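A structural walkthrough
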Amino acid sequence: KVVDAVVSANRIRSLELQRNNIGRIGAQLIAEPLGAPGTVLETLGLARNDLGKEGAQALCECLLLNTSIQSLDLTGNAIPLELQGGLLQSSMSSPSLKAIKLDDNLAWPPYEGCEQLAKSFVDAIGSDIARTQLEHLSLRHCGIRSTSAAVVCGALSRTNS
């Protein structure tokens, strides 16, 4: 209801809902109005809300429709590796998203699957280089190893050439 009110007000540009125990169902409810035409919300902070797989999936779909969100913080939400890749792909397709934070979403210590995140990111950049608006990507404490970090940095350097 809060997000519905914010979206319909068409004045509020930033909504910070960190550490509110929103959960997966709350994320799904938040994503629905954000995908509607006419949304003016530019910043959405959802850090540490235990959004999980279903919540992340709903946000992926929202990002494909939303044309106003410029900054999205999903730090510490137990988002599975494959959906982090999906969020990165959605962010590459978003006409407005300039910053995304996916910090602290992987189990510690890092495991072999972390290489998938780098591959998903590189695939996303490769498919949408011309349209991406992304300027800030934060992947702190996501377990990306040196090889993956090199792959991500290589892909990013190609987008700026």
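Residues numbered from 1 in each chain as written. Predicted model: local features only at pLDDT ≥ 70, side-chain atom pairs only at ≥ 80, totals over all residues. Heavy atoms only, no water.

A separate point is the nonpolar core. By size, the foremost hydrophobic cluster in this structure holds 31 residues, and its most contacted members are Leu44, Leu46, Leu72, Leu74, Leu87 and Ile100. For this core, the secondary-structure elements that each account for two or more residues are helix H2 (23–34), helix H3 (52–65) and helix H4 (81–93). It is H3 that contributes the most residues to this core, 6 residues altogether. With residues up to four places along the chain from it excluded, the contact list for leucine 87 reads Ala56, Leu59, Cys60, Leu63, Leu74, Ile79, Ile100 and Leu102. (Core = buried A, V, L, I, M, F, W, Y, C linked by side-chain atoms within 4.5 Å. Buried < 20%, exposed > 50% of the residue type's maximum accessible area, 1.4 Å probe, protein only. Helix = DSSP H or I, 4+ residues; strand = E, 2+ residues; numbered from the N terminus. Contact = heavy atoms within 4.5 Å.)

This part covers the sheet that holds strand E4 (residues 99–101). The strand order E1-E2-E3-E4-E5 describes an open sheet built from 5 strands, whose pairing is parallel. This sheet does not close on itself; its edge strands, each paired only once, are strand E1 (14–16) and strand E5 (136–138). Within the sheet, the average angular offset between the axes of one strand and its neighbour, ignoring direction, is 0 degrees. Direction of pairing for strand E3 (residues 71–73) relative to E4: parallel, over a ladder of 3 bridges. If you follow leucine 72 over to E4, its bridge partner there is isoleucine 100. (Pairing = 2+ DSSP bridges. Axes fitted to C-alpha atoms, helices over the stretch in contact; angles between N-to-C directions.)

It is worth spelling out the packing of H2 against H3 at this point. The contact between H2 and H3 brings their axes to 7 Å, and the two run at 10 degrees. Relative to H3, the element H2 is oriented roughly parallel. Residues Arg24, Ala27, Gln28, Ala31 and Leu34 of H2 form the contact with H3, whose own contacting residues are Glu54, Gly55, Ala58, Leu59 and Cys62. Along the lines of polarity and charge, the residues of the contact of H2 with H3 split into 6 nonpolar, 2 polar and 2 charged. (Parallel < 35°, antiparallel > 145°, perpendicular 65-115°, else oblique. Nonpolar A, V, L, I, M, F, W, Y, C, P; charged D, E, K, R; others polar.)

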